[in-house]
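Take a look at the letters that make up each chain.
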Amino acid sequence: MSGRILIVDDNPLNIKLLAARLTREYYTVVTATGGREALDIAAQDPPDIILLDVMMPEMDGFEVCESLQKNPVTSHIPVVMVTALTDNADRVRGLEAGAADFLSKPINDMALLARVRSLLRLKLIMDEWRLRESTSKQMGVTQETLRELDISDANIILLEDDQLDNTLITNTLADLPATTRCVQNVAAAQQMAADGACDLVIVSLNLNTDDGLRLCPVLRSQETTRHVPILLLAHQSDIGKVAKGLDLGANDYLLRPIEVNELTARVRTQLRHKRSYDKLKSNYQNSLSMALTDPLTGAFNRRYLDHHLPQLIEHCQSTHKPLSLLLVDADHFKSVNDKYGHQAGDEVLKEVVLRVTNGVRAVDFVARYGGEEFAVVLPETDLQTARAIADRLRARIADQPVTLPETAGSINVTVSIGLAYIKDDQDTQATLVARADEAVYKAKQTGRNRLIVAEA
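Residues numbered from 1 in each chain as written. Predicted model: local features only at pLDDT ≥ 70, side-chain atom pairs only at ≥ 80, totals over all residues. Heavy atoms only, no water.

Enquirer: So what exactly am I meant to see when it comes to unusual backbone geometry here?
Expert: If a residue is not glycine, its phi is most likely negative; likewise, a peptide bond is most likely trans. Backbone torsion omega between Leu176 and Pro177 reads 0°, so that peptide bond is classified as cis. Within the fold, Pro177 resides in the loop between helix 6 (163-173) and strand 7 (178-183). The peptide bond linking Arg256 to Pro257 adopts the cis configuration, its omega dihedral lying at 0°. As for its position among the elements, Pro257 is in the loop between strand 10 (252-255) and helix 10 (260-292). Residues other than glycine seldom take positive phi values, yet Tyr26 does so here, at roughly 70°. Secondary-structure assignment places Tyr26 in the loop between helix 1 (12-24) and strand 2 (28-32). Here the phi dihedral of Asp153 falls at roughly 60°; this positive angle occurs in a residue that is not glycine. Mapped onto the fold, Asp153 is located in the loop between helix 5 (109-138) and strand 6 (154-159). Looking at Asp153, the relative accessible area reads 59%, which means it is exposed. (Helix = DSSP H or I, 4+ residues; strand = E, 2+ residues; numbered from the N terminus. Buried < 20%, exposed > 50% of the residue type's maximum accessible area, 1.4 Å probe, protein only.)

Here it is, written out as structure tokens:
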């Protein structure tokens, strides 16, 4: 996953070392040597992540972080503080100022890159929901604004089989207030998370008889728990497992011995993220579902596509990230209506959209473009990845017949797909759609049930 990272440090050597590490991983690096310069850069061209030194003259990292949080343009940017400070009070102060994490000098490369990847994933999801909220406002749909988020009455699952730590954590979190339910193995944690509302899962990587790391991919693979924050507990010697956990979808970690103020600060941060995500999602669902979705298939309608796609294109162009568009057209659809009736045709369209929607990410979106044609927008997706996704979707539809209503049996359905991607900063919705449309036409003319990539 690509990303633009701002490094802020008054020591040129530190900047050079960090920039070299990140550039080797193909991240775009921007630098600042002071707090005020960093604030100006972040406000004018917001990065995806900020790596912020704590000890700087004129304006220290805590002050910079607080200023970033107060500015609506920069408040959503994840900040990782880089410091030689080891006092827990300083770490808590940074977390309360809005930092997502601390990295201690000398920086462990594995921890650095795992944290960057984790934060980029989170920011991608939250940016998409903010863009959707912005789209609805432009279209005149009123939404409840995000006020100070209430994190009380949180439901927390604690996977920990050490009784002393269980008691310490439960007593500490009771002051939030929060309800903490304790389990001692992965299966029990998985069952509990799936059974009801959950705002945070705390996972020990030091269980006596189980591997807590196995819970991370399980939670991320289930729709009900896909966006529930995961906080790992580990020893300093487990930093490799922590890095693996972040790559598997964990959001944060706390190293033992557990310091209660840092635990509270990290839990508060994750609960705020969860409540922010829930509020953005609720605003979107409540205000847009009727106005901006196709009543037959549940996909977005053309009105939403025409308002949201230009924003996505502009965002990807300004951040130098890819975007791909698929136009998916059901083959021989008229013959389905003629032979089986319009109710059968409706069932085919609904099933095609269901299979497409289940085959893409939460940040992608599917819209009914017209008749039996659908648009699939893939933000931050390059040509190679988009081609693989399109081929998978085509096969997903063709490989299993669609069951028709009222015992009419089932029929085989195929689709033709045209793929286009942003070529340069001059591309618009019109040019992107035109290329994808031409590719669909070629797919139809050359035999159907195939993918054609638009010529660059």
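After presenting the structure, the write-up continues.
Enquirer: Before we go on, may I ask you to explain helix 15 (residues 429-445) in this structure?
Expert: For an α-helix, 3.6 residues make a turn, and residues three or four places apart therefore share a direction. Spanning 17 residues, helix 15 covers 24 Å between terminal C-alpha atoms, matching the ideal 24 Å at 1.5 Å per step. Every buried residue of helix 15 is accounted for by Gln429, Leu432, Val433, Arg435, Ala436, Ala439, Val440, Ala443 and Lys444. Those residues of helix 15 hidden inside the fold are in contact with helix 11 (302-318), strand 11 (323-330), strand 12 (365-370), strand 13 (373-379), strand 16 (415-421) and strand 17 (451-453). Within two residues after helix 15, Gly447 carries a phi angle of roughly 125°, on the positive side. (Expected span 1.5 Å × (residues − 1). Contact = heavy atoms within 4.5 Å.)

Enquirer: How should the sheet that holds strand 8 (residues 200-204) be read in this particular structure?
Expert: Picture the strands of a sheet paired through backbone hydrogen bonds; they go either parallel or antiparallel. Strand order in the open sheet formed by 5 strands is 7-6-8-9-10, with parallel pairing between adjacent strands. Edge positions in the sheet fall to strand 7 and strand 10, since each has one partner strand and no second. Averaged over all pairs of adjacent strands, the angle between strand axes in this sheet comes to 20°, irrespective of strand direction. Here strand 8 pairs with strand 9 (residues 230-234) via 4 bridges, running parallel. Note that in strand 9 the partner of Val203 across the bridge is Leu232. In the packing of helix 7 (residues 186-195) onto the sheet, the strands contacted are strand 6 and strand 7, and the crossing angle to strand 6 comes to about 165°. (Pairing = 2+ DSSP bridges. Axes fitted to C-alpha atoms, helices over the stretch in contact; angles between N-to-C directions.)

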